[in-house]
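Reading the structure
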Amino acid sequence: MKPRPRSVLPCWLFFRALTAAFLLSLGAGVSHATGPPVGSAPGVVDNAVEAVPSATDNATGVIPPAIDNTAGPVPPAIDNDAGSVPAGTDNAWVDRTHSWVERSLFDTVVWFDRFFGDDRVVIAKWPESYLRWKTEFRWDQEEHFAFRSTVRASLRLPRLKDRWHLIFSSESRGDPNAIIPEDPGNPGLDIGSQGRTGSTELVYDIFRTPHSILDAGGGVQLKIPPNAFVRTRYQHARPVGFNTLGRFTATAYWDAQDGPGESNQLDFERWLAPPTLLRWSNSFTIEEKNINSGWAWGTELSLLHKLSPKSAITFSGGASGSTRPAWIAQKYQILARYRRNVWRKWLFLEGEPEIQWPRKEDGSRKPVWGATLRVEILFTGAGPNPPADGGNGS
């Protein structure tokens with residue numbers, strides 16, 4: 001056998017020694033990913049108390065200096081503050097204040113929507129089922145005394161994956177004070193109706209998140225002969241800055257009797273203080289049956305103030321009209337509404353004085369004073385098998 005050169009012999013011996021050490025460590029059960037066994041501190045690397053290599057032991061503990069520039073086992077790239085929060089998301093009070101304002105803004109909007117029974121845009125998780133029954137007595141200078149009653153119910157169907165719900169709507173006549181349509185495409189709630197209307201609808205939640213909802217449904221208007229309708233609706237809510245929440249709703253619908261229609265609603269809600277909200281609502285609706293009138297529009301500015309957990313007040317002013325034959329408001333209106341929860345948590349009373357300036361055929365306007373006294377009864381229920389997500393249908 002030819003002898004190995006002298007220059008190769010040290011490398012060969014080193015390779016053999018390294019291989020033997022590796023096999024020995026495997027037999028002893030040592031993991032090279034975690035360091036030597038407990039209690040085995042090599043003297044070559046132990047220049048301080050504890051079993052930490054001298055090259056990495058410049059502080060108390062077992063953290064290498066490259067990642068130990070502060071107390072705690074957190075790398076410096078993400079540890080520029082107390083705790084284990086990444087620097088990109090923990091830059092002191094700015095982000096914390098932003099998150100608190102955003103959360104408070106959503107909570108304030110949800111409270112007012114629920115307290116006033118506003119079903120136009122749903123952000124939060126409603127109960128499994130609810131029913132609202134409103135009865136009101138109204139007086140104004142033109143019609144004198146009038147009676148109006150409305151019922152709206154939503155029943156969740158938990159056995160159908162909790163995405164289906166049945167909606168029933170009925171009213172004895174349209175709301176004369178409504179500037180913004182409450183539920184576009186639903187023939188059971190029609191602002192311009194002078195007689196009783198009602199509808200039943202089965203709705204499917206295609207998806208539902210804390211910020212967006214997309215659903216589709218179909219139903220029957222309760223009359224003789226029955227009238228079928230279908231519709232789909234998309235809702236989205238998003239903070240837009242300056243303590244303001246933007247909410248957009250688009251509804252496309254088709255009625256077997258009146259044909260297609262489409263409605264858009266845009267709301268801006270500014271959080272002025274924990275108990276006060278400023279809301280600007282706008283709507284644009286076009287229907288085939290009213291195509292000669294163009295787009296029906298409405299705009300309303302409201303100031304909502306929470307007086308206590310059981311009472312709130314609203315001041316609002318708005319205008320409504322159509323784009324044809326000219327962009328002229330057909331009605332101006334201002335009102336104040338005081339709402340209070342009385343006696344039981346499901347019983348509410350409202351007082352609503354208002355003044356309107358409707359446009360006459362000759363183009364003149366005359367103020368019309370009026371007032372409404374409203375009683376509302378609310379029924380809610382979680383159902384026999386409430387879902388784990390709180391009933392959001394997602």
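Residues numbered from 1 in each chain as written. Predicted model: local features only at pLDDT ≥ 70, side-chain atom pairs only at ≥ 80, totals over all residues. Heavy atoms only, no water.

**Focus: the environment of Val375**
The residue Val375 is located in strand S14 (residues 368–381) in this model. In sequence terms Val375 and Leu347 are 28 residues apart; their C-alpha atoms lie 7.5 Å from each other. Ignoring anything within four residues of it in the chain, the contact list for Val375 reads Trp133, Lys134, Thr135, Leu347, Phe348 and Leu349. (Helix = DSSP H or I, 4+ residues; strand = E, 2+ residues; numbered from the N terminus. Contact = heavy atoms within 4.5 Å.)

**What to know about the packing of aromatic side chains**
A complete count under the given rule lists six aromatic pairs for this structure. Geometrically, the ring pair formed by Trp297 and Trp327 is stacked, given 5.7 Å between the ring centres and 20 degrees between the ring planes. With Trp297 in strand S10 (residues 296–308) and Trp327 in the loop between strand S11 (311–322) and strand S12 (328–341), this pair connects stretches of sequence that are 30 residues apart. Connected via pairs of aromatic rings, a cluster forms that spans Phe284, Trp297 and Trp327. Note that Arg339 overlies the ring of Phe348, its terminal NZ or CZ placed 4.2 Å from the centroid. In this structure, Arg344 is placed above the aromatic ring of Trp343, and the distance from its NZ or CZ to the ring centre is 4.5 Å. (Phe/Tyr/Trp six-rings, centres within 6.5 Å; stacked < 30°, edge-to-face > 60°. Lys NZ or Arg CZ within 6 Å of the ring centre and 35° of its normal.)

**Let's talk about empty space enclosed by the protein**
Inspection of the entire model under this criterion finds seven cavities of 30 Å³ or more. Here the largest cavity defines a volume of roughly 800 Å³. Along the wall of the largest cavity there are 39 residues; nearest its centre are Asp118, Lys134, Asp175, Glu182 and Arg337. Secondary structure elements with two or more residues in the lining of the largest cavity: helix H2 (93–115), strand S1 (129–140), strand S2 (144–156), strand S9 (276–287), S10, S11, S12 and strand S13 (347–358). Top element by residues in the lining of the largest cavity is S2. It accounts for four residues. (1 Å grid on protein atoms, 1.4 Å probe; cavity = no way out; pocket = protein on both sides within 12 Å on 5 of 7 lines; lining within 4 Å. Points joined across faces, edges and corners; volume = space filled by probe spheres on them.)

**Here's the deal with the environment of Pro274**
Note that Pro274 resides in the loop between strand S8 (259–273) and S9. Relative accessible area serves as the criterion here: at 58%, Pro274 is assigned to the exposed category. (Buried < 20%, exposed > 50% of the residue type's maximum accessible area, 1.4 Å probe, protein only.)

**Description of the confidence of the model for the protein chain**
Per-residue pLDDT for the protein chain averages 77, and the proportion of residues at 70 or more is 67%. Contacts of residues 1–15 to residues separated by more than four positions or lying in other chains number one contact, the stretch itself having pLDDT below 50. Contacts from residues 17–90, a stretch scored under 50 in pLDDT, to residues over four places away or in other chains number 48 contacts. (pLDDT = per-residue confidence, 0-100.)

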